[in-house]
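# Working through the structure, step by step
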Amino acid sequence: MSLKWTDSLEIALDLIEQHPDVDPTQIRFTDLMQWVLALERFDDDADHCGERILEAIQLAWIDEAD
């Protein structure tokens, strides 16, 4: 199953697996975007990403990390 920008929770879970030692409250959006684009299951256009989407991914990551 490929992931799109709207799959915030699934993206967050993949990021937790890929970056287990990262504190999601300290990540810059530019880094977050690059990490999402680098995920193996991710298949969406980088131009469809915005600050709200990155915030949703970050919040899902924070929620799941707790």
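Just above, that's the structure.
About the thresholds
Residues numbered from 1 in each chain as written. Predicted model: local features only at pLDDT ≥ 70, side-chain atom pairs only at ≥ 80, totals over all residues. Heavy atoms only, no water. Axes fitted to C-alpha atoms, helices over the stretch in contact; angles between N-to-C directions. Helix = DSSP H or I, 4+ residues; strand = E, 2+ residues; numbered from the N terminus. Parallel < 35°, antiparallel > 145°, perpendicular 65-115°, else oblique. Left-handed = near helix turned anticlockwise from the far one by under 90°. Contact = heavy atoms within 4.5 Å. Nonpolar A, V, L, I, M, F, W, Y, C, P; charged D, E, K, R; others polar. Core = buried A, V, L, I, M, F, W, Y, C linked by side-chain atoms within 4.5 Å. Buried < 20%, exposed > 50% of the residue type's maximum accessible area, 1.4 Å probe, protein only.

To continue, consider the packing of helix 1 (residues 8-18) against helix 3 (residues 51-65). Interhelical geometry of helix 1 versus helix 3 gives an angle of 60° and a closest axis separation of 8 Å. On the basis of their axis angle, the class for helix 1 and helix 3 is oblique. Crossing of helix 1 over helix 3 shows right-handed handedness. In this structure, helix 1 uses Ser8, Leu9, Ile11, Ala12, Leu13, Leu15 and Ile16 to contact helix 3, whose residues at the interface are Ala56, Ile57, Ala60, Trp61, Glu64 and Ala65. Along the lines of polarity and charge, the residues of the contact of helix 1 with helix 3 split into 11 nonpolar, 1 polar and 1 charged.

Grouped together as the largest cluster of nonpolar side chains are 15 residues, with contacts concentrated most on Trp5, Ile11, Leu15, Leu32, Val36, Phe42 and Ile57. Every element with two or more residues in this core is listed here: helix 1, helix 2 (29-38) and helix 3. Broken down by element, the residue count for this core peaks at 4 residues, all from helix 3. If we ignore the near neighbours within four places in the chain, the residues touching Leu15 are Leu32, Trp35, Val36, Leu39, Ile57 and Trp61.

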